[in-house]
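# Residue-level structure breakdown
Residue-level listing of the chains:
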Protein chains: 4
Amino acid sequence: MVTPLKNPDTLDIGGLERLIEHLLEGGIHGLFILGSTGEAQSLDYALRYELIEKTCSQVAGRIPVLVGISDTAVSESLRMAEKAAKSGAEAVVCAPPYYYLHTQKELIEYYQYLSGRSPLPLFLYNIPLFTKNPIEPETVKRIGNDENVIGLKDSSGNPAYFQKVVDLMSDQPAFSLLVGPEEVLMQSLLTGGHGGVHGGANLFPDLYVDLYEAAVEKDYGKMVSLHKRVLQICSGIYTVGESELGYLQGIKTVLSLMGICSSRMSMPFQELPKEQIEVIRERLKKLDVQNFNLE
Amino acid sequence: MVTPLKNPDTLDIGGLERLIEHLLEGGIHGLFILGSTGEAQSLDYALRYELIEKTCSQVAGRIPVLVGISDTAVSESLRMAEKAAKSGAEAVVCAPPYYYLHTQKELIEYYQYLSGRSPLPLFLYNIPLFTKNPIEPETVKRIGNDENVIGLKDSSGNPAYFQKVVDLMSDQPAFSLLVGPEEVLMQSLLTGGHGGVHGGANLFPDLYVDLYEAAVEKDYGKMVSLHKRVLQICSGIYTVGESELGYLQGIKTVLSLMGICSSRMSMPFQELPKEQIEVIRERLKKLDVQNFNLE
Amino acid sequence: MVTPLKNPDTLDIGGLERLIEHLLEGGIHGLFILGSTGEAQSLDYALRYELIEKTCSQVAGRIPVLVGISDTAVSESLRMAEKAAKSGAEAVVCAPPYYYLHTQKELIEYYQYLSGRSPLPLFLYNIPLFTKNPIEPETVKRIGNDENVIGLKDSSGNPAYFQKVVDLMSDQPAFSLLVGPEEVLMQSLLTGGHGGVHGGANLFPDLYVDLYEAAVEKDYGKMVSLHKRVLQICSGIYTVGESELGYLQGIKTVLSLMGICSSRMSMPFQELPKEQIEVIRERLKKLDVQNFNLE
Amino acid sequence: MVTPLKNPDTLDIGGLERLIEHLLEGGIHGLFILGSTGEAQSLDYALRYELIEKTCSQVAGRIPVLVGISDTAVSESLRMAEKAAKSGAEAVVCAPPYYYLHTQKELIEYYQYLSGRSPLPLFLYNIPLFTKNPIEPETVKRIGNDENVIGLKDSSGNPAYFQKVVDLMSDQPAFSLLVGPEEVLMQSLLTGGHGGVHGGANLFPDLYVDLYEAAVEKDYGKMVSLHKRVLQICSGIYTVGESELGYLQGIKTVLSLMGICSSRMSMPFQELPKEQIEVIRERLKKLDVQNFNLE
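As a starting point, this report considers the structure included with it. (Residues numbered from 1 in each chain as written. Chains lettered and ligands numbered in written order. Predicted model: local features only at pLDDT ≥ 70, side-chain atom pairs only at ≥ 80, totals over all residues. Heavy atoms only, no water.)

## Some thoughts on the interface of chain A and chain B
Short version of the rule: Contacts are assigned to residue pairs that have any heavy atoms within 4.5 Å of one another. Accessible area, probed at 1.4 Å, shrinks when two parts are joined; the buried area is that loss added up over both. In what follows, salt bridge is the name for a side-chain nitrogen of Lys or Arg lying within 4 Å of a carboxyl oxygen of Asp or Glu. Polar contact is defined as a pair of N or O atoms within 3.5 Å, subject to the rule that within protein one atom must be able to donate a hydrogen and the other to accept it, and that residues adjacent in sequence are counted only when both atoms are side-chain atoms. Numbering goes from the N terminus for both helices and strands, where a helix is a DSSP run of H or I of at least four residues and a strand is a run of E of at least two. As a working rule, the residues Ala, Val, Leu, Ile, Met, Phe, Trp, Tyr, Cys and Pro are called nonpolar, Asp, Glu, Lys and Arg charged, and the rest polar, with Gly in that last group.
With 41 residues of chain A at the interface, the matching set in chain B holds 41 residues. Buried area between chain A and chain B, summed over both chains or domains, comes out near 3,700 Å², and the portion from carbon and sulfur atoms is 62%. Among the residues chain A hides against chain B, the three largest losses belong to Tyr99, Tyr100 and Met267 of chain A. Together they make up 21% of the total. Put simply, arginine 79 of chain A and aspartate 44 of chain B hold a salt bridge, and the shortest N to O gap is 3.1 Å. Across the contact surface, chain A and chain B share 21 residue pairs in polar contact (both at pLDDT 80 or more). Elements represented by at least two residues in the side of chain A that touches chain B include exactly helix 2 (45-59), helix 3 (74-87), helix 4 (104-117) and helix 5 (128-131) of chain A. Broken down by class, the residue content of the side of chain A that touches chain B amounts to 19 nonpolar, 11 polar and 11 charged.

Now the structure itself:
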C-alpha cells in the first residue's frame with residue numbers, strides 16, 4: 001500500500017481511509033504497509049507509527065495487515081514490530097539492513113536475532129536493488145527453518161532466483177512465497193509462487209485478485225489475458241515520471257485523479273508536473289479504465 | 001571516530017573517554033562521529049543521541065566536533081542536527097538518503113531543504129559504495145553555493161572524482177575538501193585537498209596529523225615516507241576480517257589490544273575470532289608499532 | 001548449439017554430426033551456431049569458419065541455420081557473414097561489440113552499417129551480461145525499421161525489458177522475438193514472444209519443441225507442466241560446475257554421457273572433474289530422463 | 001599509442017610516421033601499441049598486423065615496442081605474438097579474455113598457457129572496466145612467478161588495488177609495475193610503481209617523461225607541479241566528447257589540430273562534431289600549450 005501524504009511529514013488521513021476501503025472492495029487478501037512502495041524509509045518514525053495504528057484500526061480485522069519494519073538498526077525494527085503487534089497486525093516484513101554491505105553469514109545472524117525477538121511472525125523481504133544485500137536462496141532456506149519465519153516477499157524480479165527458492169523450500173509448503181514486480185506475478189503463480197504484493201494493486205485491486213484466482217482455478221487462458229492487462233496498465237502509468245521512483249509517482253497521480261488520496265510524495269521525491277499528469281490522464285483514457293471516475 | 005560499544009546496544013563509556021583523550025593527545029584537529037566507521041546506521045537512535053552528548057561533553061570545546069546525521073528520512077536528520085547543536089557540536093555531516101535511488105535533481109532538492117533548516121553548518125558526504133547515490137561534482141558545486149554548506153567529505157576513493165570537485169570549487173577556497181580512504185590522503189593533499197577523515201586515525205592519530213603537517217610544510221620526502229607507513233599499517237590490519245567491514249573489525253581489535261576500548265560491534269557485525277585476533281597481534285609486532293602497549 | 005571440440009582448437013567432427021542429427025530428430029525449427037553457448041568468442045577464427053561450413057553441409061537445408069557473427073571489429077563480423085552466406089545459412093545473429101562501452105547512438109550507427117552490408121538478414125542479439133552494452137528497446141525499434149533486420153534474440157533474462165520490446169514492435173508482427181534463458185521461455189510465449197534459443201535444447205530438443213507447440217495450441221496446462229520439467233532438468237544440470245559457464249560445462253558433460261560428443265571446452269574453460277560428473281550422472285537418474293542411454 | 005586511421009579500415013601511414021617521431025622526440029622510453037587507447041579490438045586483424053610491422057620498422061630499435069595481443073581466443077593472441085616477435089617487438093601485453101566471465105583459476109590457467117607459448121615476454125594488462133574480469137592481486141603474484149611474465153599494466157585506476165600488488169610483488173623488484181590512468185601516475189611513482197602508459201603522452205610525451213624523471217630524482221616539488229599540469233590538460237581535453245571513449249576523441253582531435261595525424265576513429269566511434277572541435281581548440285589556448293602549432 002502506498003502511504004497517502006498531505007505533505008512530506010503528515011498523513012492524509014481521509015485519503016488513507018478511502019484507500020483502505022477501495023482495496024477491501026477490490027477483494028484483496030491482505031495489506032502490506034511500510035514497504036518500498038509505501039516510502040517507509042523516507043518517513044518520520046512518528047508518522048510510521050501513526051500509519052501502523054490508523055491502518056490496523058481502519059482495517060479492523062477484516063483482512064490481515066503486514067507491517068514493514070526494515071531498518072538499518074535492528075533495535076528500531078524490533079520497536080516497530082512491538083508497535084505492529086500492539087496495533088493488531090498479523091505479521092512483520094523485514095529487508096536486510098541497507099547501508100553497509102553484509103555477508104550471508106551476517107544476514108543469517110541478523111534474521112535469527114530478529115525472529116527470536118519479534119512478537120509477530122516474520123516475512124523476509126528480498127529487494128537487492130535498494131538494499132544492495134540479496135538474501136541468497138540458501139540463506140532463505142537456512143533462516144526459513146525458524147518457525148517464526150513464515151515467508152518471503154521477493155522483489156528481485158529475477159525468475160531464476162525465485163525458482164531456486166521454490167525448489168529449496170518445496171519441503172515446507174506452508175512457507176509463503178510472494179513476488180513484488182507485477183511483471184512476474186503470472187509466471188510465479190504458474191511455477192510454485194503463492195501470490196503477489198504489487199504497487200498496481202493500489203489502483204486496480206480486483207485485477208490482481210482475479211489473476212490470483214484464475215491461477216487457483218487453473219484457468220490459464222484467463223490468466224494470460226489478465227496478465228496482458230496488468231502489463232498494459234502498468235507500462236502506461238509507470239513510465240511517465242523521470243524520478244527513479246517514477247512508477248510510484250504514476251501510482252500516486254492516478255490515485256489522486258481517482259479522488260482517493262493526495263499525490264504528495266515524501267522528501268526528496270516530487271509530484272509529477274502538470275504536463276506529465278495530463279499524459280497519464282490521456283493514457284488512462286486510451287486504456288479504457290472505466291471502473292472509476294477521473295476527476 | 002569508531003563508536004566504542006559494551007554490547008550492540010550500549011555505549012562503552014569508559015572506552016569512549018579513553019579513545020577521545022587518545023585522539024586529542026595525537027593532535028587531531030577535529031572529531032567526526034557517527035560516520036560509516038562509527039557504525040551510525042546500525043545503532044539505536046537513543047544510543048546515537050547519547051554518543052553526541054557524551055562526546056561533546058568530553059571534548060569540551062578543545063577541538064571542533066562534527067556529527068554525522070545521515071538518514072533516509074530528512075526529518076530524522078534534522079532532529080539529530082538539533083541535538084548536535086544543543087550539545088555544542090560545530091557542524092553536521094550528511095550523506096544522501098541511502099535506500100532509494102535518486103536523481104541529482106532530487107539530491108539538490110534534498111540538500112537545499114536540509115541546509116536551509118539545519119542549525120549547524122553542513123558537510124556533504126559522498127560515499128556511493130554505501131548510499132548507491134553519488135553526489136556528482138556538478139551537484140557539489142550547485143549545493144556548495146549555499147552558505148550553510150561548508151565542505152565535502154569524499155569517501156569514494158576515486159581520484160578522478162575528487163580532482164573534478166577540486167577544479168569546480170577552486171573559486172571557493174573556503175569550501176573544505178576532505179577525503180575518507182587513507183590510501184588517497186597524500187595524493188589529495190598534493191592536488192588541492194584540505195585534509196582527511198580516516199579510520200586508521202583512531203589508532204595512530206599522530207601519523208595522520210604528521211602527514212597533514214608535512215603537506216602544509218611542503219616536505220614532500222616526509223609525506224612519501226609517512227604515506228608508506230600509513231599503507232603498511234593499514235594493509236596489515238584491515239585485511240584480516242572476512243566481513244565486508246573487515247577494516248573496522250581490525251581497527252576495533254587493535255583498539256582493544258591497546259587497552260583503549262571494547263572490540264564489540266553493532267548488529268549484525270561480529271567480533272573477530274581468536275585466531276584472527278592473534279594474526280593481528282603478530283602483524284602489529286612486525287610493523288614495529290611501539291607507541292602503545294599491547295595487552 | 002554447443003560446439004563439439006576434440007581439443008580446444010579442433011572440432012569434434014563425428015560429435016558435430018551426431019549432435020545435429022540428434023537435434024533434427026528432436027524436431028527443432030532452426031539451428032543457431034556460434035552464440036555464447038557455442039563458445040564462439042573463445043574459438044580460433046579458422047575453427048569458426050570450419051564449423052559454419054560443416055554445419056550447413058550436414059543440415060543440408062532441412063532447417064534454417066543461423067550463424068553468430070558477433071565480434072568487436074565490424075569488418076570481421078562482415079567476413080563471417082560472407083562465409084555464412086556462401087555456406088548456405090539463412091541469417092546471421094550479431095551482439096553489440098563487447099570490449100568498449102558504447103552509447104545507444106553508436107549502436108544504431110553500428111547496426112545500420114552492418115545491416116546495410118550484410119549478405120544475409122540480421123538478428124540483433126541482446127546479452128548485456130557478456131557485452132556490457134544492452135540494446136535498449138528504443139534502439140531495437142529504431143534499427144528494426146531496416147528491412148534487413150528481421151528479429152531479436154534477447155538473452156537478458158529480464159521480463160520487463162522483453163515486454164517493452166514486444167510493445168514497441170507490435171506494429172511489425174513479422175519481426176521475430178526470441179528469448180535465450182529457458183526460465184523465461186514460457187512467460188515470453190504467453191506474452192508476445194515467438195520462440196526460444198536454449199542451451200538445454202542441445203540435450204532435450206523435443207521438450208522445448210513441445211513447449212513451443214503447446215503455446216501455439218494454447219494448451220496452457222501442458223505448457224505449465226513442460227515448463228516445470230524444463231526448470232527441473234536445468235536446475236539439476238546447470239548448477240554443478242563452479243566456472244562462470246557452469247551451465248555449459250553441465251550441458252557438455254551430459255552430451256558426453258549421452259554418447260553424442262566430447263565434453264571438451266575451449267580455453268580457458270575446463271571440463272568438470274570426475275566427482276562432479278558423477279553428481280550429474282546421479283541427478284540425471286533422479287530426473288528420470290529415459291530417452292537416452294547414459295554411457 | 002593511438003592508431004592513426006585514414007578511415008575505419010585503413011591506416012594513416014603518414015600520420016603514423018609523424019606520430020612515432022613526435023613521441024621519440026618527446027623522449028619516451030617505450031611504445032605500447034594495440035592497447036585500449038589504440039582501438040585494437042575495433043580494428044580488422046589485417047590492419048592490426050600491418051600496424052605491428054609498420055611501427056616496429058619505423059621505430060627501428062630506437063626504443064622497445066610493446067604489442068597488445070588481447071583477444072577472446074588465445075590462439076589469435078598467440079598468432080599476434082608471433083607477428084610481434086618477427087617484426088622485432090620487445091614484449092607483448094595481454095588482458096584477460098573479455099567476453100565471458102572467468103574465475104581467477106581460469107585466468108591463471110589462461111596466462112600460464114599463454115606465457116608458456118609466447119615467443120616474447122608477457123605483460124599482464126588489468127583493465128576490468130572493459131574486460132569485466134579483474135586480475136586479482138593474488139593472481140598477479142601467482143602468474144608473476146613464471147619467468148616469461150615480466151610485468152603488469154594496471155588500468156584499473158584503483159590505488160588500493162595497485163598498492164596490494166606492489167606489496168605482493170615486493171620480493172620481485174624486476175617485475176615491472178606500470179599504471180594506465182594519468183590521474184594516478186604521480187601517486188604510483190611515489191609508492192612503488194615503475195612508470196606509466198598514458199593516452200595523454202600521445203600529445204605531450206615530454207610532460208610525462210619529465211614527471212617520471214622527477215620521480216627518479218625525488219624532486220617532489222617538481223612532481224606535484226607536473227602532476228597538476230597533467231590533470232589540467234587532461235580535464236580540458238578528455239571531457240568534451242560524449243562517447244564513452246570521449247577521452248580518445250579528444251586526443252585524436254588534438255593530434256589532428258597539431259597536424260600530426262587524422263582524427264578518424266574505428267567503427268562505431270565517431271569523430272567529434274565541429275562545435276566540439278572548436279571547444280577543444282579554445283581550451284588548448286587557455287591551457288597555454290605552446291609547444292606546437294595548432295593548424
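What follows continues from the structure just given.
## Side note on the packing of helix 1 (residues 13-25) of chain D against helix 2 (residues 45-59) of chain D
All names here are of chain D. In plain terms, the rule: Helix axes are fitted only over the stretch in contact, all axes being lines through C-alpha atoms; the angle between N-to-C directions runs from 0 to 180 degrees. Every angle not falling under 35 degrees, over 145, or within 65 to 115 is termed oblique; those three ranges are roughly parallel, roughly antiparallel and roughly perpendicular. Note: crossing handedness is left-handed where the near helix turns anticlockwise from the far helix by less than a right angle, and right-handed where it turns clockwise.
One way to put it is that helix 1 packs onto helix 2 with a least axis distance of 10 Å and a crossing angle of 45°. The orientation of helix 1 with respect to helix 2, classified from their angle, is oblique. As for the relative orientation of helix 1 and helix 2, their crossing is right-handed in sense. Two secondary-structure elements touch here, helix 1 through Ile13, Leu16, Glu17, Ile20 and Glu21 and helix 2 through Glu50, Leu51, Lys54, Thr55, Gln58 and Val59. Of the residues assigned to the contact of helix 1 with helix 2, the class counts are five nonpolar, two polar and four charged.

## Overview of the sheet that holds strand 5 (residues 91-94) of chain A
Backbone-to-backbone hydrogen bonds pair the strands of a sheet. The strands run either parallel or antiparallel. Residue and element names in this part refer to chain A. What counts, and what does not: One bridge is not enough; two strands pair if DSSP finds at least two bridges between them.
The strand order 3-4-5-6-7-8-9 describes an open sheet built from seven strands, whose pairing is parallel. The open sheet has two free edges, formed respectively by strand 3 (31-33) and strand 9 (195-196), since each of these has just one partner strand. Across the sheet, helix 2 lies against strand 3 and strand 4 (65-68), angled at about 165° from strand 3, the strand it touches most.

## Describing the packing of aromatic side chains
Pairs of aromatic rings are described using the distance from one ring centre to the other and the angle between the two planes. To be explicit about the condition: Side-chain rings of Phe, Tyr and Trp, where Trp is taken by its six-membered ring, are said to pair if the distance between their centres is within 6.5 Å; with planes under 30 degrees apart they count as stacked, over 60 as edge-to-face, and otherwise as tilted. For the exposure calls, accessible area comes from a 1.4 Å probe over protein chains only, and a residue counts as buried if that area is under 20% of its type's maximum, exposed if over 50%, partly exposed in between. Sitting over a ring, as applied to charges here, requires NZ of Lys or CZ of Arg to be within 6 Å of the ring centre and within 35 degrees of the ring normal.
Taken as a whole and judged by the stated rule, the model has 36 aromatic pairs over all chains. Taking 5.8 Å as the distance between ring centres and 80° as the angle between the ring planes, the aromatic pair formed by phenylalanine 32 of chain B and tyrosine 125 of chain B counts as edge-to-face. With phenylalanine 32 of chain B in strand 3 (residues 31-33) and tyrosine 125 of chain B in strand 6 (residues 122-126), this residue pair connects regions lying 93 residues apart in the sequence. Tyrosine 125 of chain B carries the same exposure label as phenylalanine 32 of chain B, and that label is buried. Three or more aromatic residues joined by ring pairs make a cluster, and in this case those are Tyr98, Tyr99, Tyr100, Phe130 and Phe269 of chain A together with Tyr98, Tyr99, Tyr100, Phe130 and Phe269 of chain B. Stacked on the ring of tyrosine 45 of chain C, the Lys or Arg arginine 48 of chain C has its end atom at 4.0 Å from the ring centre. The ring of tyrosine 113 of chain D carries arginine 117 of chain D above its face, with NZ or CZ at 3.7 Å from the centroid.

## Topic: the relation of the copies chain B and chain D
Defined as follows: Superposition of the copies used a least-squares fit over C-alpha atoms from residues whose pLDDT is at least 70 in both.
When chain B is brought onto chain D, the operation consists of a screw motion whose angular component is 180° and whose axial shift is 0.0 Å, with 0.0 Å RMSD remaining. The transformation just described matches what one would write down for a two-fold rotation axis. Of all interface residues in chain B, 100% are interface residues in chain D too; the two copies therefore contact each other through one and the same surface.

## Here we look at the pattern of salt bridges
For the coordinates displayed, the defined rule picks out 40 salt bridges over all chains. Residue lysine 83 of chain A pairs with glutamate 53 of chain A through a salt bridge whose shortest N-O separation is 2.4 Å. On the criterion of sequence distance, the pair formed by lysine 83 of chain A in helix 3 and glutamate 53 of chain A in helix 2 is long-range, its members being 30 residues apart. For glutamate 53 of chain A, a relative accessible area of 43% translates into the label partly exposed. Of the charged contacts in the structure, one is a salt bridge between glutamate 21 of chain B and arginine 62 of chain B, with a shortest N-O distance of 2.6 Å. Of this pair, glutamate 21 of chain B sits in helix 1 (residues 13-25) while arginine 62 of chain B sits in the loop between helix 2 (45-59) and strand 4 (65-68); the two residues are 41 residues apart in sequence, bridging distant segments of the chain. Judged by relative accessible area, glutamate 21 of chain B falls into the partly exposed class, the value being 23%. Connected through shared salt-bridge partners, Asp44 of chain A together with Glu76 and Arg79 of chain B make up one network.

## What to know about the pairing of strand 5 (residues 91-94) of chain D
Residue and element names in this part refer to chain D. Note the threshold: Place the viewer so that the strands point away; then a crossover is right-handed whenever the path from the first strand over the helix to the second strand goes clockwise.
By the alternation rule, side chains of strand 5 split into Ala91 and Val93 and Val92 and Cys94, which are all buried. In this sheet, strand 5 lies alongside strand 4 (residues 65-68) in parallel orientation, the contact comprising three bridges. Paired with leucine 66 across the strands is alanine 91, a residue of strand 5. A crossover connection joins strand 4 to the parallel strand 5 through helix 3 (residues 74-87); in handedness this β-α-β unit is right-handed. Sheet analysis places strand 5 next to strand 6 (residues 122-126), joined by three bridges and oriented parallel. For cysteine 94, the partnering residue across the bridge sits in strand 6 and is leucine 124.

## Looking at the interface of chain B and chain D
Listed per partner, the contact involves 18 residues of chain B and 18 residues of chain D. Between chain B and chain D, roughly 1,500 Å² of surface is buried when both sides are summed, and carbon and sulfur atoms account for 70% of that area. For the chain B face of the interface with chain D, the top three residues by lost area are Gln187, Leu190 and Tyr220 of chain B, together amounting to 31%. Taken together, the connections running from chain B to chain D amount to zero salt bridges. For the interface between chain B and chain D, the tally reads two residue pairs in polar contact (both at pLDDT 80 or more). Counting residues per element, the side of chain B that touches chain D draws most heavily on helix 10 (residues 220-237) of chain B, at seven residues. Per-class residue counts for the side of chain B that touches chain D are eight nonpolar, seven polar and three charged.

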